[in-house]
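Structural overview
Residues per chain are reported as follows:
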Amino acid sequence: MAKRSSLSIRIVEGKNLPAKDITGSSDPYCIVKVDNEPIIRTATVWKTLCPFWGEDYQVHLPPTFHTVAFYVMDEDALSRDDVIGKVCLTRDALASHPKGFSGWTHLVEVDPNEEVQGEIHLRLEVVPGVHASRLRCAVLEARDLAPKDRNGASDPFVRVHYNGRTQETSVVKKSCYPRWNETFDFELEKGASEALLVEAWDWDLVSRNDFLGKVAVNVQRLCSAQQEEGWFRLQPDQSKSRRGKGNLGSLQLEVRLRDETVLPSVCYQPLVQLLCQEVKLGTQGPGQLIPVIEETTSAECRQEVATTLLKLFLGQGLAKDFLDLLFQLELGRTSEANTLFRSNSLASKSMESFLKVAGMRYLHGILGPIIDRVFEEKKYVELDPSKVEVKDVGCSGLHRPQTEAEVLEQSAQTLRAHLVALLSAICRSVRTCPAIVRATFRQLFRRVRERFPSAQHQAVQNIGNMDTPVSRAKESWMEPLQPTVRQGVAQLKDFIMKLVDIEEKEELDLQRALNSQAPPVKEGPLFIHRTKGKGPLASSSFKKLYFFLTTETLSFAKTSSSKKSTFIKLASIRAAEKVEEKSFGSSHIMQVIYADDVGRAQTVYLQCKCVNELNQWLSALRKASTNNRGLLRSYHPGIFRGDKWSCCHQKDKTDQGCDKTHSRVTLQEWNDPLDHDLEAQLIYRHLLGVEAALRERYQLLRGVTEAGVSPTGCDGAPEDSLAQLLRVLQDLREAHGSSLASPAAREPHHLLELQT
């Protein structure tokens, strides 16, 4: 049994943001932090106070996270980016919205007293005495404190308050992972109700000390427990918080928290086997569970159910059979060929999910290089005469404004070149299209031809109706592209015919060839750290290489087409984590800790171009090594320079890490490895939600059968399959109840509680 949490995040748009630039506008983007850890950065929307992003993310997290915060920033080219405001949602608030939080929420001012993070390690005990007991507080260490100084660190110390007395630790310079190991005693009064207050501060020589967070301990509970030791999360000082000044605008969000308790695989086998049996029988057999599931699934969650079913059957090797069953159901209720897959049906949603899961890597490989070139060129393109911006052209001293005709002609040439390149890449890619996609298209093509034999020569529909007089009349300024578009439509129709022209043996050969290769999980340029010289005067530099991550190795080459050299075997990875910015004076650096051929721990430092790229690489590395033996539970977020770690100042290079690893923090991608137990759990949860409708359908079918009439032509069959499904749901409900009641499943209970 395992507990898993995930966040589905959609950052929709902002409105009425304050102007941060002298032009009276802003260049807003969003940063998403989970417990103060940046995990997402949206694109920047330039020169607007009402930006639209429409970006979706899914993040897997440990169930112990506390808050997710959305910071709206204004990007500046010459100075530090300005903070416009933030929206903070607690885990408890999200848990109170089972269907997710959705709507507009006001931005609030970012208050330094609330921007706290990290944990502090305390040992607390009541020491009996002759005349009176004493309250003893040992301040041991802290981790992941907020960096308050320009060097990317802090100079932390701790103040302990109780019963009118205050004691302080020493100051640890330049560290967010300080170790004090200092103990303080206080006289304990009988019946005292005052809390023990532990505050962390950043020491400053010139300005005021910065608040880093606090812990309030219930002394009465401690007296009952006598002693307690552990890590306590630092809390903000809400008594000093300032309210937002003025109107900072609003942010529209859709955020959903999902907590799942996933049982062992054996618990889901009856459900999986029952669904697989239904798919294998198809519409010719007695099984009709899939149509019943479709009928009882609401439109708002049909995409989610389709994706989960598709992944479940992919894991069982039955994706093609599942889609074929849906094709037949869709064709059975369709009267015209040109209306296929136009409805919000389980078939259309499953096909959409299938193409993303099975074809996303193929699509990125074919179109990715061309799209990258489009963005690298950054050419101004506009065909609509009403929107043309005329700019200066020429070299220094010889500037002249372009004419509107020149801008339109140049734009048309650029678009034609890009369109030709895209079409050529697609049409050359028949052999590289995944075999399962080609086989599924072939089966669909065959089913359509059987259902609509009179339209067998028109089975390939018009592509987006781009070759019609109506489309040309809508936007007359697109006319310069029409010859290229018409040629492209013909090319794509030919491409589709070649795509479905695949025999069974060829399909099997293609699948074997694909299975024999280790496909890239992620690839792209990274900068690898190189150290020059020895000792404290050694300098650092980063060399650009092209890296390839597969399910077996992390390799590199000089360029994407150069010969690869194996760098790290995936089985030897022990951790993939971020590095403190102060370590190299640069941001977006990760470390990969692995064991070399003789078992010694080694670390390589790699720099990414942005925070999104950094988190994507970390996520891919963590997912690829999730089942490795010897994964680390702690690590050093700094580097070992000279004779000590830059993070915690420990002098032993092999010392246990000062922060916990984050191996469970990953981003959801379409090419993620299938999690069979999770998909089965998600299907179980959905079926449990529609159990009443399933039971009502079962009673209806049983009544019809008892009257001697079978709606499917197979007496008793629907009743049998539905009865089996209802029994399986009951068994799974009992298994979940037993797992939650067992001692191993309960959350650890702390005798102390924080006082807020």
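Just above, that's the structure.
For clarity, every value in this text was computed on a predicted model and none was experimentally measured. (Residues numbered from 1 in each chain as written. Predicted model: local features only at pLDDT ≥ 70, side-chain atom pairs only at ≥ 80, totals over all residues. Heavy atoms only, no water.)

**Looking at the environment of glycine 118**
Within the fold, glycine 118 resides in the loop between strand 7 (101-106) and strand 8 (119-127). Residues glycine 118 and leucine 234, 116 residues apart in the sequence, show an inter-C-alpha distance of 6.0 Å. (Helix = DSSP H or I, 4+ residues; strand = E, 2+ residues; numbered from the N terminus.)

**Concerning the packing of aromatic side chains**
Taken as a whole and judged by the stated rule, the model has 10 aromatic pairs. Chaining the aromatic ring pairs together yields one cluster made of Phe542, Phe584 and Tyr605. For lysine 15, the ring lying beneath its charged end belongs to tryptophan 104, and the centroid distance is 4.3 Å. (Phe/Tyr/Trp six-rings, centres within 6.5 Å; stacked < 30°, edge-to-face > 60°. Lys NZ or Arg CZ within 6 Å of the ring centre and 35° of its normal.)

**Structural notes on the nonpolar core**
In this structure, Leu271, Phe313, Phe322, Leu687, Leu694, Leu722 and Leu725 are the most contacted members of the largest nonpolar core, which totals 65 residues. Looking at this core element by element, the count peaks at nine residues for helix 7 (residues 346-377). Filtering out sequence-adjacent residues up to four positions away, leucine 725 remains in contact with Leu271, Leu274, Leu289, Leu687 and Leu694. With 36 residues, the next largest nonpolar core counts Val160, Leu212, Val219 and Leu234 among its residues. (Core = buried A, V, L, I, M, F, W, Y, C linked by side-chain atoms within 4.5 Å. Buried < 20%, exposed > 50% of the residue type's maximum accessible area, 1.4 Å probe, protein only. Contact = heavy atoms within 4.5 Å.)

**A short note on the environment of proline 38**
Mapped onto the fold, proline 38 is located in strand 3 (residues 37-41). Along the chain, proline 38 and valine 68 lie 30 residues apart, while their C-alpha atoms are 9.8 Å from each other. In contact with proline 38, not counting residues within four places along its chain, are Ile31, Val32, Lys33, Lys578, Val611 and Asn615.

**Re the side chain of aspartate 237**
Position of aspartate 237 relative to the elements: it lies in the loop between strand 15 (227-233) and strand 16 (250-262). Not counting the four nearest positions on each side in its chain, aspartate 237 is found in contact with Asn113, Phe211 and Lys214.

**Brief notes about the packing of helix 5 (residues 302-315) against helix 7**
Where helix 5 contacts helix 7, the two axes come as close as 8 Å, and the packing angle between them is 55°. One finds that helix 5 runs oblique with respect to helix 7. Classified by chirality, the crossing of helix 7 by helix 5 is right-handed. Only Leu346, Lys349, Ser350, Glu352, Ser353, Phe354 and Val357 of helix 7 make contact with helix 5, whose side of the interface consists of Arg302, Gln303, Ala306, Thr307, Leu309, Leu310, Lys311 and Leu314. Class assignment of the residues belonging to the contact of helix 5 with helix 7 gives a composition of seven nonpolar, four polar and four charged. (Axes fitted to C-alpha atoms, helices over the stretch in contact; angles between N-to-C directions. Parallel < 35°, antiparallel > 145°, perpendicular 65-115°, else oblique. Left-handed = near helix turned anticlockwise from the far one by under 90°. Nonpolar A, V, L, I, M, F, W, Y, C, P; charged D, E, K, R; others polar.)

**Quick notes on a nonpolar patch on the surface**
Taken together, Ile371, Val374 and Phe375 make up a surface patch of nonpolar side chains, about 280 Å² in accessible area. Topologically, valine 374 is positioned in helix 7. (Patch = residues over 30% accessible without salt bridge, like charges linked within 9 Å, V, L, I, M, F, W, Y side chains within 5 Å. Areas by Shrake-Rupley, 256 points an atom, 1.4 Å probe, with all protein chains shown as cover. Salt bridge = Lys/Arg side-chain N within 4 Å of Asp/Glu carboxyl O.)

**Some thoughts on the pattern of salt bridges**
According to the stated counting rule, one finds 32 salt bridges in the structure shown. Across the pair arginine 134 and aspartate 185 runs a salt bridge whose closest N-O atoms are separated by 2.8 Å. With arginine 134 in strand 9 (residues 134-143) and aspartate 185 in strand 12 (residues 179-187), this pair connects stretches of sequence that are 51 residues apart. We classify arginine 134 as partly exposed; its relative accessible area is 33%.

**Here we look at the sheet that holds strand 7**
Strands sit in the order 7-16-1-4-30 across an open sheet of five strands; the sheet is antiparallel. Of all strands in the sheet, those bounded by a partner on one side alone are strand 7 and strand 30 (666-667). Of the strand pairs in this sheet, strand 7 and strand 16 are connected by six bridges, and their pairing is antiparallel. Bridge pairing links threonine 105 to leucine 251 in strand 16. (Pairing = 2+ DSSP bridges.)

**Concerning the sheet that holds strand 6 (residues 82-90)**
Taking strand neighbours across the sheet as the criterion, the four strands line up as 3-2-5-6 in an open arrangement whose pairing is antiparallel. Both edges of this open sheet fall to strand 3 and strand 6, since each of them pairs with a single strand only. Each adjacent strand pair in this sheet contributes to an overall mean axis angle of 25°, direction not counted. In the sheet, strand 2 (residues 28-34) pairs with strand 5 (residues 67-74) via seven bridges, with the strands oriented antiparallel. Across the sheet, residue cysteine 30 finds its bridge partner in strand 5, namely valine 72.

**A word on helix 8 (residues 404-427)**
Between the first and last C-alpha of helix 8 there are 34 Å, a value that for 24 residues agrees with the 34 Å anticipated at 1.5 Å per step. For helix 8, the complete set of buried residues consists of Val407, Ser411, Ala412, Thr414, His418, Leu423 and Ala425. (Expected span 1.5 Å × (residues − 1).)

**So, unusual backbone geometry**
Positive phi outside glycine occurs at asparagine 36, with the angle close to 70°. When you line up the elements, asparagine 36 lands in the loop between strand 2 and strand 3. For asparagine 181, which is not glycine, the phi dihedral falls at a positive 55°. Inspection of the secondary structure assignment puts asparagine 181 in strand 12. Asparagine 181 sits in the exposed class, given a relative accessible area of 57%.

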